[in-house]
Amino acid sequence: RQLAMARGGTAGRGMGREVLRSFLLLLVGQICIQSVQATCPTFAAWLYPVANIDFNNLQGFATVDVSPDGTFVIVQLQITALNFSSAIPTFNEIRIMGPAASHLTVPAGTAPLLVLSRPVITCDGLSQWSATLRRAGAGIPELIEHMRAGHAYVSVPTERVPEGELRGQLHVPHCLEAPLTSAMPDVPTYGFANVMISAAQTDVAALVQLPEDGKRKFSSAVDGLMVTAQNGEVLMRLRTQQEFSQICIGSEPHKYPPEYNMESAEGKVFRVARVSTAFVSKLLAEPTVSVSTVASGAGPEISGVLRRAIACRELLTKHDNLYTLARSHRSDWITVWSMNMGNPDVRPTLQPRYYAHPLQVLKGETAMAIQRRYGMKMDELLKINPGLEDAEALPVGSTLCVVPNWQTAVAGNGQRICVD
């Protein structure tokens, strides 16, 4: 303030405008619905029929992301009626149950940890249902605790199996990601791809998202989307238009949506598959994701290499900026800006932005030592790392997300960094 006064009224007014601008940006961020769009979901579950039933014509997939303050979750759900059967049941509300394993039935009368939504699949509509749901409430901390411990599962009840025809254990998946860009200079067309692999390495789920802003969208329709190994083998070929397959009932065929997503889509469409360990090995060997269009012909318009997902990043939505990202993670916009390239006021959607520092755990490091070094409390460490199963047994080489508190952080010699 003294420097502004020394430079005269113009500088003072400029600083005032900057303060007002920052305040308005924060206010807008709070007015808009707070969202969570991690580059990789915290928890995932592949949903299959339980072993002791006679039906096997449904499958599903679910992801759960936890808000930075731990007060709400964002759940992505997808249920698919497989094309070889016309027997589509009536669904009840999907639930997250626990504490229990998905192959067990919780005792009668056990309240669900979370009630979600009722799928709707009909032969005159789509044979695949998907939804994005936000849920909050007093039970969210208990839900997070059970998911972190691996004791929560997704249950899809139907009229024919009320206790849950489809079930899947929520766990932290292995995640790959690929920003998709053009090989041509100065071409801004863009996309972002994820491939999630189950802990048992028996299932995968692919998600491809494309932006909608005028500068980065495709000039023509998407007509090819695939994952290709380094030797040219096509590992996955995703649908690029609505497909019709066999008979659902009467004269109506099954109808399935394209397997790529525009960023504003309310329900994301995943490509879900059961795979072999050999297939997973090829996915882990840095294959290429490519998207071709009518205009690009045989070659891709955008492409990228699938690599291990980088921790501590989120994809900005149209409601986000660095100010809201920082505020939600108990940080400040300058700290967040320092971890990311570019102009802080330019915020293209679907591009990953760091919200915290990735810290690789070294041999002998403990949660208490990390807390003290970076001035964090245990609840803060757990909120920013909701998938951390056991803070007292940190695996060497694992990555923690850390937001230092500069007022209480200490240097390697134990001295406080900031002194009053």
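Residues numbered from 1 in each chain as written. Predicted model: local features only at pLDDT ≥ 70, side-chain atom pairs only at ≥ 80, totals over all residues. Heavy atoms only, no water.

Student: Just to check I follow, could you spell out the nonpolar core for this structure?
Tutor: A general tendency of soluble globular proteins is for nonpolar side chains to be buried together. Ranked by size, the top nonpolar core spans 31 residues in total, and within it Ile79, Ile96, Met147 and Leu170 carry the most contacts. Ranked by residues supplied to this core, first place goes to strand 3 (residues 72-81) with five residues. Beyond its immediate chain neighbours, meaning those up to four positions away, Leu170 contacts Phe43, Ala44, Ala45, Val64, Ile96, Met147, Gly150, Ala152, Tyr153 and Val154. (Core = buried A, V, L, I, M, F, W, Y, C linked by side-chain atoms within 4.5 Å. Buried < 20%, exposed > 50% of the residue type's maximum accessible area, 1.4 Å probe, protein only. Helix = DSSP H or I, 4+ residues; strand = E, 2+ residues; numbered from the N terminus. Contact = heavy atoms within 4.5 Å.)

Student: What should I look at first to understand the pairing of strand 7 (residues 153-156) in this one?
Tutor: Regular strands have side chains that alternate between both faces of the sheet. The side-chain alternation of strand 7 yields two buried faces, one formed by Tyr153 and Ser155 and the other by Val154 and Val156. In this structure, strand 4 (residues 95-97) lies alongside strand 7, joined through three bridges in antiparallel fashion. When the sheet's bridge partners are listed, Ile96 is paired in strand 7 with Val154. With four bridges joining them, strand 7 and strand 8 (residues 166-169) adopt antiparallel strand pairing. Counted as the bridge partner of Val154 is Gly168 from strand 8. (Pairing = 2+ DSSP bridges.)

Student: Just to check I follow, could you spell out the side chain of Asn340 for this structure?
Tutor: Position of Asn340 among the secondary structure elements: in the loop between helix 6 (333-338) and strand 22 (352-354). Among the polar contacts made by the side chain of Asn340, one reaches the main-chain carbonyl oxygen of Val336 at a distance of 2.7 Å. In contact with Asn340, other than residues within four places in its own chain, are Pro352, Arg353 and Tyr354. (Polar contact = N/O pair within 3.5 Å; in protein donor to acceptor, adjacent residues only side chain to side chain.)

Student: Explain the state of the cysteines to me, please; I cannot follow it from the model alone.
Tutor: Formally, a disulfide is one covalent bond, and it connects the sulfur atom of one cysteine to the sulfur atom of another. Applying the stated rule across the entire model yields three disulfides. Between Cys40 and Cys175 runs a disulfide, and the two sulfur atoms are separated by 2.3 Å. Linking Cys40 and Cys175, the disulfide has an S-S dihedral of approximately 120 degrees and is accordingly described as right-handed. Highlighted residues: Cys40 in the loop between helix 2 (9-31) and strand 1 (43-49) and Cys175 in strand 9 (residues 174-181), separated in sequence by 135 residues. Take Cys40: its relative accessible area is 17%, and that puts it in the buried class. Each disulfide of the chain joins two cysteines, and with those cysteines numbered along the sequence the arrangement is 1-3, 2-4, 5-6. (Disulfide = S-S within 2.5 Å.)

Student: What exactly am I supposed to notice about the pattern of salt bridges here?
Tutor: Oppositely charged side chains are able to pair whenever their charged atoms sit close together. Scanning the entire structure with this criterion turns up nine salt bridges. Across the pair Arg274 and Asp203 runs a salt bridge, and its minimum N-O distance is 3.1 Å. Within this pair, whereas Arg274 is found in strand 17 (residues 271-274), its partner Asp203 is found in strand 11 (residues 203-210), the two being separated by 71 residues in sequence. Given the relative accessible area of 57%, Arg274 is considered exposed. On the basis of relative accessible area, Asp203 is assigned to the buried category, the value being 4%. With its nearest N and O atoms 3.4 Å apart, the salt bridge here joins Glu259 to Arg239. Taken together, the residues Glu259 in the loop between strand 15 (252-256) and strand 16 (261-262) and Arg239 in the loop between strand 13 (234-237) and strand 14 (243-249) connect sequence positions 20 residues apart. Overall, Arg239 belongs to the buried group, its relative accessible area being 12%. Among the ionic contacts, a cluster of salt bridges with common partners joins Arg239, Glu259 and Arg271. (Salt bridge = Lys/Arg side-chain N within 4 Å of Asp/Glu carboxyl O.)

Student: Please explain helix 3 (residues 140-148) as it appears in this structure.
Tutor: Of the residues making up helix 3, those classed as buried are Ile140, Leu143, Ile144, His146, Met147 and Arg148. Gly150 lies just past helix 3 and shows a positive phi near 80 degrees.

Student: Help me out: how do you make sense of unusual backbone geometry in this one?
Tutor: Phi is mostly negative for residues that are not glycine, and the peptide bonds are mostly trans. Along the chain, Gly98 connects to Pro99 via a cis peptide bond; the corresponding omega equals -5 degrees. Looking at the secondary structure, you find Pro99 in the loop between strand 4 and strand 5 (114-115). For Glu286, which is not glycine, the phi torsion reads 55 degrees and is therefore positive. Relative to the helices and strands, Glu286 resides in the loop between helix 4 (277-283) and strand 18 (288-293). Residue Glu286 is classed as partly exposed on the basis of its relative accessible area, which comes to 35%. Even without glycine at this site, Cys312 takes up a positive phi of about 70 degrees.

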